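Here's the letter readout for the chains.
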Amino acid sequence: MNAIAGNRQKASVIIIGGGIQGCSTAYQLAKRGVDVIVLEKDRVARHASGVNAGGVRLLGRDIAEVPLSKVAMQRWQTLDDELDGDTGFRRRSLINIAADEADMQTLQKRQALMHGQGYFHETMIDQQELRERLPHVADYCVGGVVSETDGYAIPYKSVFAFRQAAARAGAEFAEGQQVQRLRRIGNNWLVETASGRYEAEYLVNCAGAWADQIAVMMGDNCPMTYSAPMLMITTRMPHFATPVVGAVSRPLSFKQFENGTVLIGGGAKGFADRARNTTRLDYAKLAVGASNAVDFFPIMRTATVNRMWAGLEAYMPDNLPVISASVNSPNAFHAFGFSAHGFQLGPVIGEVLADLVTTGRSEFDLSAFRVDRFERKVL
């Protein structure tokens with residue numbers, strides 16, 4: 001691969017999108033000596049990568065994602081040292097709570113499936129151990145499942161840690177550069193934005209909620225949608241929960257930070273206006289999420305919600321991301337559609353894309369993540 005140094009509008013690789021996947025990929029490429037420019041339509045970490053719940057979760061992954069997620073989890077344990085930055089990562093374990101025996105049966109089936117695939121990181125716990133780990137859990141809860149390596153990080157800190165490490169390695173970032181057109185000129189890609197033209201041999205699409213538009217410019221169609229997952233955070237409370245908490249069959253997710261505040265998620269979606277770059281909250285759904293938190297943890301009756309927000313997030317019909325070479329254009333790659341659980345994968349996605357760009361191969365089986373997997377087969 002030829003490095004084109006000294007020209008801020010030419011590089012070997014252009015990455016479209018300054019979220020965690022784009023910044024991680026820039027870091028991995030720059031670390032390998034590849035000249036790279038990141039084009040971000042707004043600001044780095046402006047959208048989902050900077051405002052998500054920060055879950056660093058191996059627990060409950062789709063089987064197809066587990067190999068990637070396991071490697072990503074290994075990276076998170078030492079990521080601050082590697083990036084020489086502060087991601088805010090805390091290893092706290094993650095417990096999904098079983099509210100009844102039906103939930104326990106669901107977990108038993110999941111455990112049999114995981115063990116059959118050779119995965120043993122999810123451990124079922126009974127009611128006594130659940131209470132030892134979460135003394136304030138409601139009396140009716142009967143058990144759960146735990147992944148010990150899981151935890152959380154601070155999203156915007158993590159993205160900026162990747163950005164700063166990438167910049168130190170030589171990557172350049174251009175913000176406020178919304179891509180308007182892509183063209184092939186000889187063996188290179190010409191990228192046109194409202195205020196500039198950029199050229200590179202390779203193109204990587206990490207454009208998040210706008211990635212389907214970039215994919216079409218590359219020649220690839222995919223049924224991506226977008227939405228606005230919502231979060232709320234309380235004022236400081238007495239410490240009552242060390243593990244990150246979820247539920248087996250109900251929309252519940254929360255974590256208590258070291259300062260006592262509690263972040264409540266659970267996947268409830270507000271209203272997304274991609275054209276205007278804005279989101280709007282659905283307060284009825286937020287109320288359901290708050291009610292679930294109180295139901296599982298009665299101490300939450302004393303909580304005061306301090307702030308609520310939503311971010312624009314890309315979703316795929318099967319909730320699996322696209323991690324793939326383009327099927328219709330040369331030297332073009334995709335990583336998008338993480339469906340509200342891509343944050344934890346960030347460290348490994350950068351490695352995978354850097355491998356694809358520099359060698360054309362990955363050590364992982366990426367067949368479940370092909371960009372053309374939804375195309376109708378012709379008999």
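The structure we're discussing is the one just above.
(A) Broad picture of the overall build of the chain. Summing up its helical and strand segments, the chain has ten helices and 22 strands in all. A globule of 379 residues ought to have a C-alpha radius of gyration of about 21 Å, and the chain, at 21 Å, matches this closely. Seen through its principal axes, the chain has C-alpha atoms that stretch 65 × 45 × 45 Å. Split into buried and exposed, the 379 residues of the chain put 54% on the buried side. Here the contacts in the chain between residues at least 6 apart in sequence split such that 72% fall between residues at least 24 apart. Here the chain displays about 16,400 Å² of accessible surface, and carbon together with sulfur accounts for 47% of that area. In the chain, 40 side chains carry a positive charge and 39 a negative one; their mean positions are 5 Å apart.

(B) View of the pattern of salt bridges. By the definition in use, this model includes 18 salt bridges. A cluster of three or more residues bridged by salt bridges with shared partners is formed by Arg90, Arg92 and Glu258.

(C) Representation of the pairing of strand E7 (residues 143-147) in the model. A large share of E7 lies buried, amounting to five of its five residues. Of the two faces of E7, the one holding Gly143, Val145 and Ser147 and the one holding Gly144 and Val146 are both buried throughout. Bridge count between strand E5 (residues 94-98) and E7: five bridges; the pairing is antiparallel. Bridged to alanine 98 within E7 is glycine 143. Here four bridges tie strand E6 (residues 123-126) to E7, and the two strands are oriented antiparallel to one another. Within E7, the residue paired with isoleucine 125 across the bridge is glycine 144.

(D) Inspection of the nonpolar core at higher detail. Judged by nonpolar contacts, the single largest core of 51 residues is most densely connected at Val13, Ile15 and Val348. In contact with isoleucine 15, other than residues within four places in its own chain, are Gly22, Thr25, Ala26, Leu29, Val36, Ile37, Val38, Leu39, Val204 and Cys206. Listed in part, the 29 residues of the second largest apolar core include Val137, Ala293, Phe297 and Met300.

(E) Just the sheet that holds strand E8 (residues 151-152), in detail. The sheet built from three strands is open, its strands ordered E3-E8-E4 with antiparallel pairing. One side of each edge strand has no neighbouring strand; the edge strands of this open sheet are strand E3 (55-56) and strand E4 (90-91). Of the strand pairs in this sheet, E4 and E8 are connected by two bridges, and their pairing is antiparallel. Counterpart to arginine 90 in the pairing with E8 is tyrosine 152.

(F) Up close: helix H7 (residues 155-168). For H7, with 14 residues, the first-to-last C-alpha span of 20 Å sits near the 20 Å given by 1.5 Å per residue. Listed as buried for H7 are Pro155, Ser158, Val159, Ala161, Phe162, Arg163, Ala165 and Ala166.

(G) Expanded view of helix H10 (residues 346-359). Between the first and last C-alpha of H10 there are 20 Å, a value that for 14 residues agrees with the 20 Å anticipated at 1.5 Å per step. The buried fraction of H10 amounts to eleven of the 14 residues, a majority that puts the element mostly inside the structure. When we look at burial in H10, the residues that qualify are Gly346, Pro347, Val348, Ile349, Gly350, Glu351, Val352, Leu353, Ala354, Leu356 and Val357. Positive backbone phi, approximately 80°, marks glycine 360, located one or two places after H10.

(H) The side chain of histidine 121, seen in detail. By the secondary structure assignment, histidine 121 is in the loop between helix H5 (101-116) and E6. In this view, histidine 121 contacts Leu58, Val66, Lys70, Met114, Val146 and Ser147; residues no more than four positions away in its chain are not counted.

(I) A look at the packing of helix H3 (residues 66-77) against H10. Taken N-terminus to C-terminus, the directions of H3 and H10 make an angle of 110°; their axes are 7 Å apart at the nearest point. Compared by their axis directions, H3 and H10 come out roughly perpendicular. In this structure, the crossing between H3 and H10 has a hand that is right-handed. Where H3 abuts H10, its residues Leu68, Val71, Ala72, Arg75 and Trp76 lie against Pro347, Val348, Glu351 and Val352.

(J) Local environment of the state of the cysteines. This model, assessed by the stated rule, comprises zero disulfides. Considering cysteine sulfurs only, cysteine 206 is the nearest to cysteine 23, which forms no disulfide, with 9.2 Å between them. Left without a disulfide partner, cysteine 222 is nearest to the cysteine sulfur of cysteine 206, which lies 13 Å away. When its relative accessible area of 15% is taken as the criterion, cysteine 222 is described as buried.

(K) Region of interest: unusual backbone geometry. One non-glycine residue, asparagine 331, lies in the positive phi region at around 55°. Topologically, asparagine 331 is positioned in the loop between strand E21 (322-325) and strand E22 (332-336). Although it is not a glycine, serine 339 sits at a positive phi angle of roughly 55°. As for its position among the elements, serine 339 is in the loop between E22 and H10.

So, how was this worked out
Residues numbered from 1 in each chain as written. Predicted model: local features only at pLDDT ≥ 70, side-chain atom pairs only at ≥ 80, totals over all residues. Heavy atoms only, no water. Helix = DSSP H or I, 4+ residues; strand = E, 2+ residues; numbered from the N terminus. Rg over C-alpha atoms; globule rule 2.2 N^0.38 Å. Buried < 20%, exposed > 50% of the residue type's maximum accessible area, 1.4 Å probe, protein only. Contact = heavy atoms within 4.5 Å. Areas by Shrake-Rupley, 256 points an atom, 1.4 Å probe, with all protein chains shown as cover. Lys, Arg positive; Asp, Glu negative; His and termini not counted. Charge placed at Lys NZ, Arg CZ, Asp CG, Glu CD. Salt bridge = Lys/Arg side-chain N within 4 Å of Asp/Glu carboxyl O. Pairing = 2+ DSSP bridges. Core = buried A, V, L, I, M, F, W, Y, C linked by side-chain atoms within 4.5 Å. Expected span 1.5 Å × (residues − 1). Axes fitted to C-alpha atoms, helices over the stretch in contact; angles between N-to-C directions. Parallel < 35°, antiparallel > 145°, perpendicular 65-115°, else oblique. Left-handed = near helix turned anticlockwise from the far one by under 90°. Disulfide = S-S within 2.5 Å.

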